[in-house]
Amino acid sequence: MQSVSGLKTGSILLPFLTVKGGEGLSGHIKVSGAKNSALVLMAASLLTNEILHLRNVPRLTDIEVMSKLLKAMGSDLKKHSDALIIRTNPLKLSSNNLPYELVHALRASFVCIGPLLARLGEVRIPMPGGCKIGSRPIDEHIQGLRALGASVEIQDDHVLAKVTGEQKRLVGARIRFNCKSVGATQTLLMAATLAQGKTILDNAAQEPEIQDLAMMLNNMGAKVRGAGTSQITIEGVQHLGGSIHKVIPDRIEAGTFLIAAAITRSPLTISPVIPKHLEAVTRKLQNSGCLIQYSRESLRIVPRKILKSVDITTHPFPGFPTDLQAPFMALMTTVEGTSKIKETIFENRMQHIYQFQKMGAKISLEGNTASVIGSKSLTSASITGGDLRSCAAMVLASLAADGISIIKGLEHLDRGYENLSLKLNKIGACISRSQSQAQEISNRNTKTLEAKQNIYSETDVA
Ligand code: EPZ
């Protein structure tokens, strides 16, 4: 696994990608296990003393951070290829020493509050904080835990939750979320599995990652019904056992590959995927002029040479995913016509626009709606991804641009895309990964790939 933090202390060395645009892609690209599912399945290991054996776990820095957190709580973790074997020793399990920097580095880690509270009856966990894409509050998690009988306070930038009563056991309740939240649904779902009695979650998030979690919990002995719909019912049980579980394919990575094919006007086969998880995305690609062939576990995309603009509005699943908004915007900068792209999930998820503009894209923003006027080509530039998905969108835009682009911000990319440049190179892209001095990169002349290749000769080890 590539180290991204990088780099020698005191130096300004940073990793970056060099992408030669205009290369066609072809063949088959493999999708890894879903980051956003794996992270929460790992947290669910805190619900049992028995062994949880996860397969198809992607190798990502976010997974490393979650592994460190579980270790800090007393879990024992072993990695074998794409498998992760986790065992939590009940005598060591503790929530008192959760390192602030780790919880801050990974918002998904906050869902650990659910299983920890259910197991220990008491938790002290650092506040996850906001992030670049929005403020990302945790009120739905907290209100839900209170409804299950916990007292919850915020003190010194930590959330303190406690179950009162002799048994220190949460009690099932009917909870209606004010907004559809993936994280809050996961927190409450895990907490309720060990609560006394029945819990009903109304207006629950319906994302495939929630269905994956419910399936694994049921294999561990939980009684969960309705995951994937907006109402989930959980009958609490006394304890949960171990499980062997294969993480679902990453629908966002698969969607990124579909858009990579479309933006380079290249035919591509993508697998493994669960096509139903990507319907909102494939529909928009079809409307734009891509032919999509479905089979049980793969998708084949054949884009027309000339694609046309389509409008998108992000919504919770089964709507168009916010995590593919930036990648789809990259595609829309290269098609015929004007498209309106509206972000409704996060208030600050349009920062990639400025980077696209540096590549010659014509985009204006009003509120959270971008108007993108497609043009024949983008021009290469030195660009920086500000979050995981915008960084992936920079890679896609660079694949379609004239010339050689430099992409920085890889500490974001490595959080959620396993070997992205290596995978794309296997199907025809020309991307190299190196480290150099940040200042030097932006000043370099980017005229010829040959020159680049001489300068950036390190191999991509991701
Ligand atoms: C998950 O974040 C994903 N992360 C995100 O992916 C994804 O963008 C997001 O869901 C939406 O699909 C993981 O699964 C680890 P939410 P999450 O709670 O759970 C509001 C990526 O790039 N809200 O569903 O944190 C919130 O502000 C990441 O892989 C509250 O108001 O998102 C937002 O507007 C980025 N109060 C909306 O709900 C709360 O208590 C959806 O957030 C919780 C959320």
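Because the structure is predicted, anything quoted here is derived from the model rather than measured.

Rules used throughout
All residue numbers refer to position in the chain's written sequence, counted from 1. In view of the model being predicted, local features appear only for residues whose pLDDT reaches at least 70, and side-chain atom pairs are presented and counted only at 80 or more, with totals across whole chains, interfaces and linings using the full set of residues. Water and hydrogen atoms were dropped before computing side-chain values, which therefore reflect all heavy atoms in the structure. Numbering of helices and strands runs from the N terminus, with a helix taken as a DSSP run of H or I at least four residues long and a strand as a DSSP run of E at least two residues long. Between the two quantities, the radius of gyration covers C-alpha atoms and the globule rule is 2.2 Å times the number of residues to the power 0.38. Note on exposure labels: buried denotes an accessible area under 20% of the residue type's maximum, exposed denotes more than 50%, and partly exposed covers the range between, all computed with a 1.4 Å probe on protein chains only. Note on contacts: a residue pair is in contact if any heavy atoms of the two residues lie within 4.5 Å. Only the protein chains shown count as cover for residues, and all accessible areas are computed by the Shrake-Rupley method using a 1.4 Å probe. Note that His is not counted, nor are the chain ends; the positive residues are Lys and Arg, and the negative ones are Asp and Glu. Taken as the charge location is NZ of Lys, CZ of Arg, CG of Asp or CD of Glu. What makes a residue near a molecule or strand is one non-hydrogen atom of that residue sitting within 4 Å of it. Pairing of N or O atoms within 3.5 Å defines a polar contact, subject to two protein rules: one partner must be a possible hydrogen donor and the other a possible acceptor, and residues neighboring in sequence count only if both atoms are side-chain atoms. Bear in mind that the domain bounds are from an automatic or database domain assignment. Only when DSSP finds a minimum of two bridges between them are two strands counted as paired. Angles here are taken between N-to-C directions and fall from 0 to 180 degrees, while the axes themselves are lines fitted to C-alpha atoms, restricted in helices to the stretch in contact. By salt bridge we mean one thing: a side-chain nitrogen of Lys or Arg within 4 Å of a carboxyl oxygen of Asp or Glu. Residues belong to a common nonpolar core when they are buried Ala, Val, Leu, Ile, Met, Phe, Trp, Tyr or Cys residues joined through side-chain atoms within 4.5 Å. Put plainly, a pocket is an open set of points on a 1 Å grid over the protein atoms alone with protein on both sides within 12 Å along at least five of seven lines, a cavity is a set where a 1.4 Å probe fits but cannot get out, and a lining residue has an atom within 4 Å of a point. Grid points are joined across faces, edges and corners, and a volume is the space filled by probe spheres set on the points. Three classes are used: nonpolar for Ala, Val, Leu, Ile, Met, Phe, Trp, Tyr, Cys and Pro, charged for Asp, Glu, Lys and Arg, and polar for all others, with Gly counted as polar. By the definition adopted for this analysis, an angle is roughly parallel if under 35 degrees, roughly antiparallel if over 145, roughly perpendicular if from 65 to 115, and oblique otherwise. Note on convention: the crossing is left-handed when the near helix lies turned anticlockwise from the far helix by less than a right angle, right-handed when the turn is clockwise.

Re the overall build of the protein
- Looking only at helices and strands, one finds 16 helices and 23 strands in the protein.
- Taken against the 2.2 N^0.38 rule, which gives 23 Å for 462 residues, the C-alpha radius of gyration of the protein at 22 Å falls within 12% of a compact globule.
- Across its three principal axes, the protein shows a C-alpha extent of roughly 70 × 50 × 40 Å.
- Taking all 462 residues of the protein together, the buried fraction comes to 57%.
- Counting contacts in the protein only where the partners sit at least 6 residues apart, residues at least 24 apart contribute 74% of the total.
- On the protein, roughly 18,700 Å² of surface is accessible, and the fraction owed to carbon and sulfur atoms is 49%.
- Side chains of the protein give 53 positive and 38 negative charges; the mean places of these two sets differ by 4 Å.

Here's the deal with the site of the ligand
- What surrounds the ligand is a group of 22 residues, the closest being D139, S181, V182, D323 and I345.
- In the model, an oxygen atom of the ligand is placed 2.6 Å from a nitrogen or oxygen of the D323 side chain.
- Protein chains shield 84% of the accessible area of the ligand, which is 820 Å² for the free molecule.
- Secondary-structure elements contributing two or more residues to the shell around the ligand are α1 (35-44), α5 (139-147), α6 (182-193) and α12 (388-400).
- Considering each element in turn, the shell around the ligand owes the most residues, three residues, to α5.
- Two domains share the shell around the ligand, each providing at least three of its residues, namely domain 1 (7-32 + 249-455) and domain 2 (35-246).

What about the sheet that holds strand β4 (residues 75-80)?
- Pairing is mixed in the open sheet, where four strands are placed in the order β4-β5-β3-β13. At either margin of the open sheet sits one strand with a lone partner, and together these are β4 and β13 (243-246). Strand-to-strand twist of the sheet, defined as the mean angle between neighbouring strand axes without regard to direction, takes the value 15°.
- Sheet topology note: the strand β3 (residues 52-55)/strand β5 (residues 83-88) ladder contains three bridges and is antiparallel. Within β5, the residue paired with L54 across the bridge is L84.
- Against the sheet, α1 makes contact with β3, β4, β5 and β13, and its axis sits at roughly 170° relative to β3, the strand it touches most.

Topic: the pattern of salt bridges
- Taken as a whole and judged by the stated rule, the model has 12 salt bridges.
- Put simply, R415 and D62 hold a salt bridge, and the shortest N to O gap is 2.7 Å. Here R415, found in helix α13 (residues 410-416), pairs with D62, found in helix α2 (residues 61-72); they are 353 residues apart in sequence, far enough to count as distant.
- Exposure remark for R415: the relative accessible area of 27% places this residue in the partly exposed category.

Considerations on the sheet that holds strand β17 (residues 312-313)
- The sheet built from four strands is open, its strands ordered β17-β18-β20-β19 with mixed pairing. Here the strands that pair on one side only, and so sit at the sheet edges, are β17 and β19 (362-366).
- One ladder, built from two bridges, connects β17 with strand β18 (residues 338-342); its direction is parallel. In the sheet register, T313 faces β18, and the bridge partner there is K342.
- Packing of helix α10 (residues 325-332) onto the sheet brings it into contact with β17, β18, β19 and β20 (369-373), and relative to β18 it is tilted by some 170°.

A closer look at the nonpolar core
- One finds L189 and L217 to be the most contacted residues of the largest nonpolar core, which totals 76 residues.
- When residues in this core are grouped by element, the largest group, seven residues, is from α1.
- Setting aside its immediate chain neighbours within four residues, L217 contacts A44, L47, L189, M190, T193, A222 and L240.
- Among the nonpolar cores identified, the runner-up in size contains 68 residues, and I312, L331, M359 and A381 belong to it.

Things to note about the layout of surface pockets
- Computed from the structure, the second largest pocket encloses a volume of approximately 350 Å³.
- Class assignment of the residues belonging to the lining of the second largest pocket gives a composition of eight nonpolar, seven polar and six charged.

Focus on the packing of α10 against α12
- α12 packs onto α10 with a crossing angle of 20° between their chain directions and a minimal axis gap of 7 Å. Of the possible angle classes, the one that applies to α10 and α12 is roughly parallel. Pair α10 / α12 crosses with right-handed handedness. Facing A326, P327 and A330 of α10, the residues of α12 in contact are R389, S390, A393, L396 and A397.
- Looking at the contact of α10 with α12 residue by residue, the classes come out as six nonpolar, one polar and one charged.

Overview of the pairing of β20
- As judged from the five bridges shared by β18 and β20, these two strands associate in the antiparallel manner. Bridge assignment links T338 to a residue of β20, and that residue is I373.
- In terms of strand pairing, β19 meets β20 through five bridges, oriented antiparallel. Each bridged residue has a counterpart across the sheet, and for I363 the counterpart in β20 is V372.
- Hairpin geometry of β19 and β20 is characterised by an intervening segment of two residues between the two adjacent antiparallel strands and by a positive phi of about 60° at G367.

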